[in-house]
Amino acid sequence: AHGPIPAETVDRLRGLGDRVRFIRGNADREVAADDAWQDGPLGPERLEFLAGLPEALTLEVEGLGSVVFCHGSPRSDEEIVTAVTPDDRLGRILSGVTAQVVVCGHTHHQFDRVAHGVRVVNAGSVGMPYEGRPGAFWAMLGPDVELRSTAYDLDMAEGRVAALRRCVP
């Protein structure tokens, strides 16, 4: 919701209906709590939707079992977890987690590792990846975890965003 075309993005994702589930990340939380956005591009209804999103969601995924989806960590949408987070610190972060897998984001960098018996996956980022190369970075879940990336035409995407901005009053 904090990107260049926030209303269109929220509407497009919500339009997918029951095929998607949402969690709230730190940027969504900040936008939803900022009164300046009430009269902005998202409007009150979309902001209410964002504010009502859960911080974490647990789902059963075929082949993986119980999976916790969160933004930063199961404890905080701003906590940083990386491929090189020390195991002792990651153990404290995962304390109390009973799921077999935790899928997080926040750092916008893909990884897949196991610590303290829990598989921790960062799916990456579609809109703002920190992978050192352009593209959309995501994960396919079930029956295993497959980190994927999709290339796209950056010039075309930039042109579409610029055209949308010209249409916004």
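A quick note: this is a predicted structure, and the numbers were derived from the prediction, not measured.

What counts and how
- Residues numbered from 1 in each chain as written.
- Predicted model: local features only at pLDDT ≥ 70, side-chain atom pairs only at ≥ 80, totals over all residues.
- Heavy atoms only, no water.
- Core = buried A, V, L, I, M, F, W, Y, C linked by side-chain atoms within 4.5 Å.
- Buried < 20%, exposed > 50% of the residue type's maximum accessible area, 1.4 Å probe, protein only.
- Contact = heavy atoms within 4.5 Å.
- Axes fitted to C-alpha atoms, helices over the stretch in contact; angles between N-to-C directions.
- Helix = DSSP H or I, 4+ residues; strand = E, 2+ residues; numbered from the N terminus.
- Parallel < 35°, antiparallel > 145°, perpendicular 65-115°, else oblique.
- Left-handed = near helix turned anticlockwise from the far one by under 90°.
- Nonpolar A, V, L, I, M, F, W, Y, C, P; charged D, E, K, R; others polar.
- Phe/Tyr/Trp six-rings, centres within 6.5 Å; stacked < 30°, edge-to-face > 60°.
- Lys NZ or Arg CZ within 6 Å of the ring centre and 35° of its normal.
- Salt bridge = Lys/Arg side-chain N within 4 Å of Asp/Glu carboxyl O.
- Pairing = 2+ DSSP bridges.

## Observations concerning the nonpolar core
- Grouped together as the largest cluster of nonpolar side chains are 13 residues, with contacts concentrated most on Val 81, Leu 90, Leu 94, Val 102 and Val 120.
- In this structure Leu 94 touches Val 102, Ala 115, Val 118 and Val 120, once residues within four positions along its chain are discounted.

## A look at the packing of helix H2 (residues 26–33) against helix H3 (residues 43–51)
- The geometry of H2 relative to H3 is characterised by a closest axis approach of 9 Å and an angle of 135 degrees between their N-to-C directions. By the angle between their directions, the pair H2 and H3 is classed as oblique. Relative to H3, H2 is oriented so that their crossing is left-handed. Contacts between H2 and H3 involve Asp 28, Val 31 and Ala 32 on the former and, on the latter, Leu 47, Leu 50 and Ala 51.
- Looking at the contact of H2 with H3, its residues break down into five nonpolar, no polar and one charged.

## Some points on the packing of helix H1 (residues 6–14) against H3
- Between H1 and H3, the shortest axis-to-axis distance is 11 Å and the interhelical angle comes to 60 degrees. As summarised for this structure, H1 and H3 are arranged oblique, according to the angle between their axes. When the axes of H1 and H3 are compared, the crossing they make is left-handed. Facing Ala 7, Val 10, Asp 11 and Arg 14 of H1, the residues of H3 in contact are Glu 45, Arg 46 and Phe 49.
- Per-class residue counts for the contact of H1 with H3 are three nonpolar, no polar and four charged.

## Points about the packing of aromatic side chains
- Enumeration according to the criterion identifies one aromatic pair in this entry.
- For the pair Phe 22 and Phe 49, a centre-to-centre distance of 5.2 Å together with 90 degrees between the ring planes defines the contact as edge-to-face. Of this pair, Phe 22 sits in the loop between H1 and H2 while Phe 49 sits in helix H3, placing them 27 residues apart in sequence.
- Lying across the ring of Phe 49, Arg 14 places its NZ or CZ 4.1 Å from the centre.

## Comments concerning the pattern of salt bridges
- Within this structure, the stated rule accounts for twelve salt bridges.
- Across the pair Glu 45 and Arg 14 runs a salt bridge, and its minimum N-O distance is 3.1 Å. On the criterion of sequence distance, the pair formed by Glu 45 in helix H3 and Arg 14 in helix H1 is long-range, its members being 31 residues apart.
- Classification of Glu 45 by relative accessible area gives partly exposed; the value is 48%.
- For the salt bridge of Glu 79 with Arg 89, the shortest nitrogen-to-oxygen distance reads 3.7 Å. With a gap of ten residues between them, Glu 79 in the loop between strand E2 (65–70) and helix H4 (87–93) and Arg 89 in helix H4 connect regions that are remote in the sequence.
- The buried category is assigned to Glu 79, whose relative accessible area is 12%.
- In the salt-bridge network here, residues are joined through shared partners; they are Arg 29, Asp 77 and Glu 78.

## Some words on the pairing of strand E4 (residues 111–115)
- With burial as the criterion, only one face of E4 is covered, namely that bearing Phe 111, Arg 113 and Ala 115; the residues Asp 112 and Val 114 on the opposite face remain uncovered.
- Bridge analysis of E4 against strand E5 (residues 118–122) gives five bridges, and the strand direction is antiparallel. In the strand pairing of E5, Phe 111 is matched with Asn 122.

## A closer look at H2
- Every buried residue of H2 is accounted for by Asn 26, Asp 28, Val 31 and Ala 32.
- The elements touched by buried residues of H2 are H3.

## What about unusual backbone geometry?
- Cis rather than trans, the peptide bond between Gly 142 and Pro 143 has omega equal to 0 degrees.
- Tracing the sequence through the fold places Pro 143 in the loop between strand E6 (136–141) and strand E7 (145–150).
- Phi is positive for His 106, close to 65 degrees, though the residue is something other than glycine.
- Assignment of secondary structure puts His 106 in the loop between strand E3 (101–104) and E4.

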